[in-house]
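Structural characterization, general
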Amino acid sequence: GFTNCTNMEYLNIPKMISINTNTFSGCSNLSYVSLPSCMYIYNNAFTGCSMLASIELPLCLSISNYAFNNCPSLSIVSVGMETYTVPKLGTPNFSNVVSIYVPSTLYEQYIVASNWSNYADRIVSVEVPGDPLLTFSDGLLSGRTTYLLSDYVSVLSINKTDIISVYLSNCDYF
């Protein structure tokens, strides 16, 4: 993976289904992550990403233990905007998070769900927008619609030490 890739600042991977253990751990300058199709984030996937400020996970179904451990700048999380169930959440994950944005249709379930209830005072109900910006037409996500909250320019560099941003358009597994 990209463990200890200290120059990476932005990460946008549209078709990633899962992020394995330690994949982006130690990416200390990573500040923004958008994973519009990611369903599973495994242990320590982003541990030590000290500049990570926000993350968008609209299709997330599971966040394992310590996935966001030691991410002191992580203050905004948007999760589950395109799901019909509350994702499983390991511990600890969002100790410094100020706001966790969830779909209004699931708000009541989030605030009482296992491990999510620890952050009930930070969970914010959001109406999901009506107009899709991206609809998947092939693969595992065929027919699924993702609402993107932001657009970011992405650049991929071959030299791991020079990577500032990663954009992988056809990647199912990392």
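Placed above this text is the structure.
Residues numbered from 1 in each chain as written. Predicted model: local features only at pLDDT ≥ 70, side-chain atom pairs only at ≥ 80, totals over all residues. Heavy atoms only, no water.

Another point: the packing of aromatic side chains. Using the criterion set out here, one finds eight aromatic pairs in the structure. Aromatic side chains Tyr40 and Tyr42 sit 6.5 Å apart centroid to centroid with 20 degrees between the ring planes, which places their arrangement in the stacked category. On the accessibility criterion, Tyr40 (31% relative accessible area) is partly exposed. For Tyr42, a relative accessible area of 33% translates into the label partly exposed. Each member of the aromatic cluster is reached from another via a ring pair, and the members are Phe2, Phe24, Phe46, Phe68, Phe94, Tyr110, Trp116 and Tyr119. (Phe/Tyr/Trp six-rings, centres within 6.5 Å; stacked < 30°, edge-to-face > 60°. Buried < 20%, exposed > 50% of the residue type's maximum accessible area, 1.4 Å probe, protein only.)

With that out of the way, let us pick up the sheet that holds strand β6 (residues 62-63). Strands sit in the order β2-β4-β6-β8 across an open sheet of four strands; the sheet is parallel. The sheet is open, and its two edges are formed by β2 (18-19) and β8 (88-89), each paired on a single side. Bridging between strand β4 (residues 40-41) and β6 involves two bridges; their strand directions are parallel. Within β6, the position partnered with Tyr40 by the bridge is Ser62. (Pairing = 2+ DSSP bridges. Helix = DSSP H or I, 4+ residues; strand = E, 2+ residues; numbered from the N terminus.)

With that settled, the discussion passes to the nonpolar core. As a rule of thumb, soluble globular proteins bury nonpolar side chains together. Residues Phe46, Phe68, Phe94, Ile100 and Trp116 are the most contacted members of the largest nonpolar core, which totals 40 residues. Among the secondary structure elements, those contributing two or more residues to this core are β5 (54-57), β7 (76-79) and β9 (99-103). (Core = buried A, V, L, I, M, F, W, Y, C linked by side-chain atoms within 4.5 Å.)

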